[in-house]
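A closer look at the structure
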Amino acid sequence: MAFDFKKEYKEFYMPKDKPGIVTVPSMNYIAVRGQGDPNEEGGEYDQAVSLLYGVAYTIKMSPKNGHHIAGYFDYVVPPLEGFWWQDGVKGVDYTRKGDFKWISVIRLPDFVTPEDLAWAKDTAARKKKMDFSKVEFFTYDEGLCVQCLHIGPYDNEPVTVELMHSFMEDQGYTLDITDQRYHHEIYLSDPRKADPDKLKTVIRHPIKRLLHDPA
């Protein structure tokens, strides 16, 4: 049976619909960076997602394409994820989607190296007649975070975010979104197929322990 990251690492991919604290280890991803409204049909975000899946499935099918990766095992391609930010905003302003900057990613199994990614990009480019040069190998150590499963439309995320932040503060933490630590979403549902009211999205925010003034 193919290895499924969602099932094997439920603490990262299948949290409850109530906020919780988690420490996320360093992970490797394939990534495409961009900016702009993700809802723009045929826009930069749509193109990025197509590039990511093109490379992700090329790597998964590498044994059938004659490319041997040391330590390879069959696996389910992990879900699409995204790191999001806006200049001058600590968090996310959902009313300014055109100002979004993002890194769209799909997790890689640990056996995949930058050299394997280079092979996959070249192979996908030949087969699909597309430019995959924007796809990069991305390592990210997310660290201490508050997270929650959000069920419903993306535009309703602020309700879940507010719950996360209240829980975080009650537990003695403060938000730690910076230029290197981002608003993070993991998409467990396909918005093209799922009812918007049933969309499942993991929302994750970086935090740090609140240091009280001893005085």
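Residues numbered from 1 in each chain as written. Predicted model: local features only at pLDDT ≥ 70, side-chain atom pairs only at ≥ 80, totals over all residues. Heavy atoms only, no water.

**Examining the overall build of the protein chain**
Along the protein chain, the regular secondary structure elements total 5 helices and 7 strands. Secondary structure of the protein chain in N-to-C order comes out as α-α-β-α-β-β-α-β-α-β-β-β. Projected onto its principal axes, the C-alpha coordinates of the protein chain cover approximately 65 × 35 × 35 Å. For the protein chain, the exposed surface amounts to about 11600 Å²; the carbon and sulfur share of it is 51%. Computed over 27 positive and 34 negative side-chain charges, the inter-centroid distance for the protein chain is 6 Å. (Helix = DSSP H or I, 4+ residues; strand = E, 2+ residues; numbered from the N terminus. Areas by Shrake-Rupley, 256 points an atom, 1.4 Å probe, with all protein chains shown as cover. Lys, Arg positive; Asp, Glu negative; His and termini not counted. Charge placed at Lys NZ, Arg CZ, Asp CG, Glu CD.)

**Thoughts on a negative patch on the surface**
A grouping of E40, E41, E44 and D46 is seen on the molecular surface, where their side chains present a negatively charged patch. Structurally, D46 is set in helix 3 (residues 44–60). Exposure remark for D46: the relative accessible area of 32% places this residue in the partly exposed category. (Patch = residues over 30% accessible without salt bridge, like charges linked within 9 Å, V, L, I, M, F, W, Y side chains within 5 Å. Salt bridge = Lys/Arg side-chain N within 4 Å of Asp/Glu carboxyl O. Buried < 20%, exposed > 50% of the residue type's maximum accessible area, 1.4 Å probe, protein only.)

**Examining the pairing of strand 4 (residues 136–151)**
Two faces make up the sheet, and in a regular strand the side chains alternate between them. Sheet analysis places strand 1 (residues 20–35) next to strand 4, joined by 11 bridges and oriented antiparallel. Note on strand 4: the bridge partner recorded for N28 is T139. The pairing of strand 4 with strand 7 (residues 200–209) spans 7 bridges and is antiparallel. The residue of strand 7 that forms the bridge with V146 is H205. (Pairing = 2+ DSSP bridges.)

**Observations concerning the packing of helix 3 against helix 4 (residues 114–128)**
Interaxial distance between helix 3 and helix 4 falls to 9 Å at its minimum, and their mutual angle equals 110 degrees. With respect to their mutual orientation, helix 3 and helix 4 come out roughly perpendicular. Considering the relative orientation of helix 3 and helix 4, their crossing is right-handed. Residues G54, V55, T58 and I59 of helix 3 form the contact with helix 4, whose participating residues are L117, W119, A120, K121, T123, A124 and K128. A breakdown of the residues in the contact of helix 3 with helix 4 according to their chemical character gives 6 nonpolar, 3 polar and 2 charged. (Axes fitted to C-alpha atoms, helices over the stretch in contact; angles between N-to-C directions. Parallel < 35°, antiparallel > 145°, perpendicular 65-115°, else oblique. Left-handed = near helix turned anticlockwise from the far one by under 90°. Contact = heavy atoms within 4.5 Å. Nonpolar A, V, L, I, M, F, W, Y, C, P; charged D, E, K, R; others polar.)

**Side note on the pattern of salt bridges**
In the structure shown here, the tally under the stated rule is 11 salt bridges. Linking D176 and K208 is a salt bridge whose minimum nitrogen-to-oxygen distance equals 4.0 Å. Of this pair, D176 sits in the loop between strand 5 (173–175) and strand 6 (183–187) while K208 sits in strand 7, and the two are 32 residues apart along the sequence. With a relative accessible area of 15%, D176 lands in the buried category. Residue R192 pairs with D190 through a salt bridge whose shortest N-O separation is 2.9 Å. Accessibility expressed as a relative area gives 23% for D190, which makes it partly exposed. Among the charged side chains, a network of salt bridges with common partners joins D93, R96 and D99.

Geometric descriptors of this kind do not, in isolation, establish any biological role.
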